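Report on the structure
Next come the chains, spelled out residue by residue.
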Amino acid sequence: MTKPLNDIKTTALSRRLTIAKTSLNIGKNWAKSGVTGLFLSKEAKQAQKHALLQEQADYLVSELGKLKGSVVKVGQMLALYGDSMLPPQVVNALHTLDAQTAPLSWHTIYQVLKTQLGERIHDFEIERTPIGTASLAQVHKAYHLHTGREVVLKVQYPGVADAIDSDLSIFKQLLKITNAVPQTQALDDWFNEIGQLLHTEVDYRTEANTTKRFAKYLADDSRYIVPTIYDNYSTDKLICMSYESGIPLNHPTLTTLPTERKNALGQAAIDIVLREIFEWGEMQTDPNFGNYLVRTENSIDRLILLDFGAVKHFDDKLLNIAKRLITAGFHQDKAMMVKAMTGYDFFDELTGKPQSDMADVFLTACEPFAKPSAVDDAYLDENGQYIWANSNLYSRVMKTAKNGMQSLEFSLPPKEMMFISRKFIGAYALLVALDARTDATELVLPYLQNKDKEHILS
């Protein structure tokens, strides 16, 4: 495990100074490389440039990881969309932000727990080593001494909630200095949306209530497990919930499961994404593998859903558009897709080639939810199920998007679509890791228009 941190820099000044120091060190190294590369060949200079860029990107990510908080969250989101606007070395480094997140020392965490629980802290025997760390909190397993229950305590890092607005400003300034993306109204909207979500995510009372709401949604579906919240030990900075044992999604055991069981897990993972959008109108938008576990008992596999902090609500207008988009995607009909892309400012402003390019992006992204007759046989098994691991879908979507975005004002997706696409990217990674195959008709049928249902069922 990465060496624990004794504290976190939480004031705006200290965090800005860290970013400034990091930027200065990067600048010095670039200047040094310019001098040492004077007598190198063109090929050697290029190789040196790429190596240094990777080194500096890794250094930047390491420093951001120490800050924790919102800068890490923004970096993680930027990693998902950076293919079209950032050097691959920077994108690769940003993808490691979760791994770079060091835990906070037990002494510091204990003080936070004591502040939140008071004398009730003595009701628990708490393991000092966290079982999970993230950008905003870390999780410790504990034993409730009066009942013998195994629980987990999700404790928020001190000061991260107060630093959100400053962090977003810091990160936006960093993008401006590096000229990574154009400074447009779309960028402002993107950061405002992230800010709203982060302020919600650090309100643990809201997360506790959301967890209980999702538990009700899934109460009759044996494929899922949602932890039980213990309100008497939860606060706005601490959540006490039941400990749910399971194995991580990237555990080698899962890859050795029979195909039918892997398919069932994959179907459950993507099915809940569709239910979040089309039934409940709210989605857990953080697809981090650490937010899920799998429990395998008696050849029955269940998906454990651990985190409901980053939940985004969608209005009926957007949901209706999403249903039209997925219907067009099911048929892989471009004219239908173009028609579906109406009623939303971002779409309505598109005409000509940009509109055509965006329709192509959505058609490709919807491929796993298309009827088998509309999908290349190379991506289907003998039963007509979609083989995620064979699809190279993410690369194809990003390539299509990159080509299309060249004619648009701004290369980041609109703010609402950003969270939906982020969740689907996470689901894609999960299904590829499982090597799962899914039945598109079974997944999409409940959300198609009646005439499409009648045609399929007839």
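Residues numbered from 1 in each chain as written. Predicted model: local features only at pLDDT ≥ 70, side-chain atom pairs only at ≥ 80, totals over all residues. Heavy atoms only, no water.

This paragraph deals with the overall build of the chain. When you go through the chain residue by residue, the secondary structure sums to 20 helices and 13 strands. Burial statistics for the chain: of 458 residues in total, 52% are counted as buried. Taking the intrachain contacts of the chain between residues at least 6 apart in sequence as the baseline, contacts between residues at least 24 apart amount to 69%. Taken as a whole, the chain presents about 21200 Å² of accessible surface, with 52% of it coming from carbon and sulfur. (Helix = DSSP H or I, 4+ residues; strand = E, 2+ residues; numbered from the N terminus. Buried < 20%, exposed > 50% of the residue type's maximum accessible area, 1.4 Å probe, protein only. Contact = heavy atoms within 4.5 Å. Areas by Shrake-Rupley, 256 points an atom, 1.4 Å probe, with all protein chains shown as cover.)

Of note in this structure, asparagine 392 is not a glycine but carries a positive phi near 50 degrees. Tracing the backbone through its elements, the reader meets asparagine 392 in the loop between helix 16 (388-391) and helix 17 (393-405). Positive phi values are uncommon outside glycine, yet aspartate 435 reaches one of about 55 degrees. Among the residues examined, aspartate 435 registers a relative accessible area of 28% and is labelled partly exposed.

Now for the pattern of salt bridges. Two side chains carrying opposite charge are able to pair once their charged atoms lie near each other. Counted by the stated rule, this structure contains 16 salt bridges. For arginine 223, the salt bridge goes to aspartate 271, with nearest N and O atoms at 2.7 Å. In this pair, arginine 223 is assigned in the loop between helix 9 (204-217) and strand 5 (224-225) and aspartate 271 in helix 11 (residues 259-280), connecting sequence segments 48 residues apart. The class of arginine 223 is partly exposed, set by a relative accessible area of 26%. Aspartate 271 sits in the buried class, given a relative accessible area of 14%. (Salt bridge = Lys/Arg side-chain N within 4 Å of Asp/Glu carboxyl O.)

What follows is about the environment of alanine 440. Relative to the elements of secondary structure, alanine 440 occurs in helix 19 (residues 440-444). Look at alanine 440 and you get buried, because its relative accessible area is 7%. The spacing of alanine 440 and phenylalanine 330 is 110 residues in sequence and 8.1 Å in space, taken between C-alpha atoms. Alanine 440 has contacts with Pro368, Phe369 and Ala370, leaving out every residue within four places of it along the chain.

So, on to the pairing of strand 10 (residues 300-305). Judged from the 2 bridges that link them, strand 5 and strand 10 form a sheet pairing that is parallel. Bridging across to strand 10, tyrosine 224 finds its partner in leucine 303. Pairing analysis gives 6 bridges linking strand 9 (residues 292-297) to strand 10, with the strands arranged antiparallel. Within strand 10, the residue paired with threonine 296 across the bridge is aspartate 301. The turn joining strand 9 and strand 10, which pair antiparallel and follow one another in sequence, is formed by 2 residues; a positive phi near 55 degrees is taken by asparagine 298. (Pairing = 2+ DSSP bridges.)

All told, the structure shown has 13 aromatic pairs when counted by the stated rule. Ring plane angle 55 degrees and centroid distance 6.5 Å describe the contact between tyrosine 379 and tyrosine 386, whose orientation is recorded as tilted. For the pair formed by tyrosine 379 and tyrosine 386, the shared burial category is buried. Their ring planes at 85 degrees and their centres at 5.5 Å tell us that tyrosine 386 and tryptophan 388 sit as a pair that is edge-to-face. By relative accessible area, which is 2% here, tyrosine 386 ends up buried. Joined through ring pairs, the aromatic side chains of Phe369, Tyr379, Tyr386, Trp388, Tyr394, Phe424 and Tyr428 make up one cluster. Positioned above the aromatic ring of tyrosine 243 is the side chain of lysine 141, whose terminal nitrogen or guanidinium carbon lies 4.1 Å from the ring centre. (Phe/Tyr/Trp six-rings, centres within 6.5 Å; stacked < 30°, edge-to-face > 60°. Lys NZ or Arg CZ within 6 Å of the ring centre and 35° of its normal.)

Glancing now at the packing of helix 11 against helix 12 (residues 316-331). Closest axis-to-axis distance for the helix 11/helix 12 pair is 9 Å, and the angle between their directions is 130 degrees. With respect to helix 12, the axis of helix 11 lies oblique. Every residue of helix 12 that contacts helix 11 at Leu274, Ile277 and Phe278 is listed here: Leu319, Ala322, Lys323 and Ile326. Here the residues of the contact of helix 11 with helix 12 sort into 6 nonpolar, no polar and 1 charged. (Axes fitted to C-alpha atoms, helices over the stretch in contact; angles between N-to-C directions. Parallel < 35°, antiparallel > 145°, perpendicular 65-115°, else oblique. Nonpolar A, V, L, I, M, F, W, Y, C, P; charged D, E, K, R; others polar.)

Structurally, glutamine 385 can be placed in the loop between helix 15 (352-365) and strand 12 (386-387). Sequence separation between glutamine 385 and proline 372 is 13 residues; the distance between their C-alpha atoms is 7.5 Å. In contact with glutamine 385, other than residues within four places in its own chain, are Asn263, Tyr379, Leu380, Arg437, Thr438 and Asp439.

Right, let's talk about helix 12 for a bit. Three- or four-residue spacings in an α-helix give side chains the same orientation, since the helix completes a turn every 3.6 residues. The terminal C-alpha atoms of helix 12, which comprises 16 residues, lie 23 Å apart, in line with the 22 Å expected from a rise of 1.5 Å per residue. Every buried residue belonging to helix 12 is among Leu318, Leu319, Ile321, Ala322, Leu325, Ile326, Thr327, Ala328, Gly329, Phe330 and His331, and all of these are buried. The first or second residue beyond helix 12 is glutamine 332, which carries a positive phi of 50 degrees. (Expected span 1.5 Å × (residues − 1).)

Turning our attention to the side chain of serine 234. The residue serine 234 is located in the loop between strand 5 and strand 6 (238-242) in this model. Here serine 234 falls in the buried class, since its relative accessible area comes to 6%. Non-local contacts of serine 234, meaning those with residues more than four positions away in its chain, are made with Arg205, Ile229, Ile239 and Cys240.

On to the nonpolar core. Core analysis: the biggest nonpolar cluster contains 67 residues, and Leu305, Leu325, Met337, Met341 and Phe347 have the highest contact counts within it. The dominant element in this core, judged by the number of residues it contributes, is helix 11, at 10 residues. Core analysis: the next-biggest nonpolar cluster, separate from the first, contains 33 residues, Val112, Ile194, Val202 and Leu238 among them. (Core = buried A, V, L, I, M, F, W, Y, C linked by side-chain atoms within 4.5 Å.)

The mixed open sheet is built from 4 strands, whose spatial order is 5-10-9-7. Both edges of this open sheet fall to strand 5 and strand 7 (247-248), since each of them pairs with a single strand only.

With 70% of its residues at a pLDDT of at least 70, the chain reaches an overall mean of 79. The model gives residues 26-40 a pLDDT under 50, and that stretch makes 17 contacts with residues more than four places away or in other chains. (pLDDT = per-residue confidence, 0-100.)

What follows concerns helix 15. If you check helix 15, its first and last C-alpha atoms are 20 Å apart, about what 14 residues at 1.5 Å a residue would give, namely 20 Å. Of all the positions in helix 15, only Pro354, Asp357, Met358, Ala359, Val361, Phe362, Leu363 and Thr364 are classed as buried.

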